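Letter by letter, the chains look like this.
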Amino acid sequence: LEQAAATGNPEALAWWGLRRFYHHSEYEEGQELLLRAGRAGSAFAWLQLARTHSGTVGGATRNPQRQVESLRGAAQLGDLEGIAQLGRILLARGEVSEAVPLLELARGRGHERATTDLALYLLRSGHQAPGLALLRERAAAEDRLACRELALALLSSDPAAGSPKFKEAFELAQHAAPA
């Protein structure tokens, strides 16, 4: 693997970088190899590099700006997960004008979580009908998050026990519960 990485093979660089990062605790060296792999055209490397900057893995320090830059690298290569994650993070940062088109693109290419994220944004920004429609679509596919959020939305609009929306919300809440 190290020999293949030395030749500049993007995937070998990525895997060697991951090995250095996770197995050898050589965080900076691992990230540098992942960066080289990403610049050589590996969307996988960009995603893994973003993960190392998330602060949720290994001993690396959280770096939100580098995480976004890495996700941009994956997204620019057309990586569906990179597009969706970038959209989600930008939306959380309040960068709606850039986030929503990314989530719409990811949704159009079949990314389930992007569809749920887009639905929640629409619902919370006052676009009830399209937000509820997307949540229903995802709830029908048994997306637990969508079931829970749709149940909450239905209860907020008609909390009366026994009403049709209450009954639907109750059924959705059962689907949202862990098995």
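Being a predicted model, the structure only gives us computed values, none of them experimental.

Cut-offs applied
Each residue is numbered by its place in its chain's sequence as written, counting from 1. Whole-chain, interface and lining totals are the exception, using all residues; otherwise, since this is a predicted model, local features are given only for residues with pLDDT of at least 70 and side-chain atom pairs are given and counted only at 80 or more. With hydrogens and water excluded, all non-hydrogen atoms of the structure serve as input to the side-chain values. Where helices and strands are cited, they refer to DSSP runs of H or I of at least four residues and of E of at least two residues respectively, numbered from the N terminus. Our radius of gyration looks at C-alpha atoms and nothing else; its globule reference is 2.2 Å times the residue count to the power 0.38. Exposure is judged per residue with a 1.4 Å probe applied to protein chains only, and the accessible area is read against the type maximum: over 50% gives exposed, under 20% gives buried, and values in between give partly exposed. Note that accessible areas follow from Shrake-Rupley with a 1.4 Å probe, and for residues the cover is restricted to the protein chains shown. One speaks of a salt bridge when a side-chain nitrogen belonging to Lys or Arg is within 4 Å of a carboxyl oxygen belonging to Asp or Glu. Between the rings of Phe, Tyr and Trp (Trp by its six-membered ring), a pair exists once the centres lie within 6.5 Å; its type follows the angle of the planes, with under 30 degrees stacked, over 60 edge-to-face, and the other angles tilted. A helix is expected to span 1.5 Å for every residue after the first. Note on definitions: a residue-residue contact is assigned when non-hydrogen atoms from the two residues lie within 4.5 Å. For the purposes of these results, a polar contact is taken to be a pair of N or O atoms within 3.5 Å, where, inside protein, one atom must be able to donate a hydrogen and its partner to accept one; residues adjacent in sequence count only when each atom of the pair is a side-chain atom. Note: the arc covers the axis-to-C-beta directions of the helix. To qualify as a nonpolar core, a set must consist of buried Ala, Val, Leu, Ile, Met, Phe, Trp, Tyr and Cys residues joined through side-chain atoms within 4.5 Å.

As for the overall build of the chain
Stage number 1. When its secondary structure is counted, the chain shows eleven helices and zero strands.
Stage number 2. The globule rule puts the C-alpha radius of gyration for 179 residues at 16 Å, and the 20 Å found for the chain is more than 25% above it.
Stage number 3. Dimensions of the chain along its principal axes, counting C-alpha atoms only, are 65 × 35 × 25 Å.
Stage number 4. Counting only residues that meet the buried cut, the chain has 43% of its 179 residues in that class.
Stage number 5. Approximately 9600 Å² of the chain is accessible, and the part contributed by carbon and sulfur atoms is 51%.

Focus on the pattern of salt bridges
Stage number 1. Following the criterion strictly, the structure yields eleven salt bridges and no others.
Stage number 2. Residue Arg 72 is joined to Glu 98 by a salt bridge in which the shortest nitrogen-to-oxygen separation is 2.4 Å. Remark: Glu 98 occurs in helix 7 (residues 96–108) and Arg 72 occurs in helix 5 (residues 64–76); sequence separation between them is 26 residues.
Stage number 3. Looking at Arg 72, the relative accessible area reads 28%, which means it is partly exposed.

Examining the packing of aromatic side chains
Stage number 1. The full count for this structure, using the stated rule, is three aromatic pairs.
Stage number 2. Seen from their ring centres, Phe 21 and Tyr 27 are 4.9 Å apart, and the 65° between their planes marks the pair as edge-to-face.
Stage number 3. For Tyr 27, a relative accessible area of 26% translates into the label partly exposed.
Stage number 4. Each member of the aromatic cluster is reached from another via a ring pair, and the members are Phe 21, Tyr 22 and Tyr 27.

Description of helix 2 (residues 10–23)
Stage number 1. Compared with an ideal rise of 1.5 Å per residue, which puts 14 residues at 20 Å, helix 2 spans 19 Å between its outermost C-alpha atoms and is within 8% of the ideal.
Stage number 2. Regarding helix 2, the residues found buried are Ala 12, Leu 13, Ala 14, Trp 16, Gly 17, Leu 18, Arg 20 and Phe 21.
Stage number 3. The inward-facing, buried residues of helix 2 contact helix 1 (2–6), helix 3 (27–39) and helix 4 (43–53).
Stage number 4. With a side-chain oxygen positioned 3.0 Å from the backbone nitrogen of Glu 11, the residue opening helix 2 is Asn 9.
Stage number 5. At the exit of helix 2 stands Ser 25, carrying a positive phi of roughly 55°.

A word on helix 9 (residues 128–140)
Stage number 1. Relative to the 18 Å expected for 13 residues at 1.5 Å per residue, helix 9 spans 18 Å between its end C-alpha atoms, a close match to the ideal helical length.
Stage number 2. Of all the positions in helix 9, only Gly 131, Leu 134, Leu 135, Arg 138 and Ala 139 are classed as buried. Projected onto a plane normal to the axis of helix 9, the buried residues spread over an arc of 140° and lie on a single side. Away from its buried face, by an angle of more than 90 degrees, helix 9 presents the exposed residues Ala 129 and Ala 140.

A few points about the nonpolar core
Stage number 1. Judged by nonpolar contacts, the single largest core of 48 residues is most densely connected at Leu 34, Leu 86, Leu 90, Leu 118, Leu 135, Leu 150 and Leu 172.
Stage number 2. Per-element accounting of this core gives the leading share, seven residues, to helix 10 (residues 144–157).
Stage number 3. Residue contacts for Leu 90: discarding those within four places in its chain leaves Val 68, Arg 72, Glu 95, Glu 98, Ala 99 and Leu 102.

Describing the environment of Leu 150
Stage number 1. Its location among the elements puts Leu 150 in helix 10.
Stage number 2. For the pair Leu 150 and Ala 139, spaced eleven residues apart in sequence, the C-alpha separation works out to 7.6 Å.
Stage number 3. Not counting the four nearest positions on each side in its chain, Leu 150 is found in contact with Leu 132, Leu 135, Arg 136, Ala 139 and Leu 172.

Remember that the coordinates give geometry; whether it matters functionally is a separate question.
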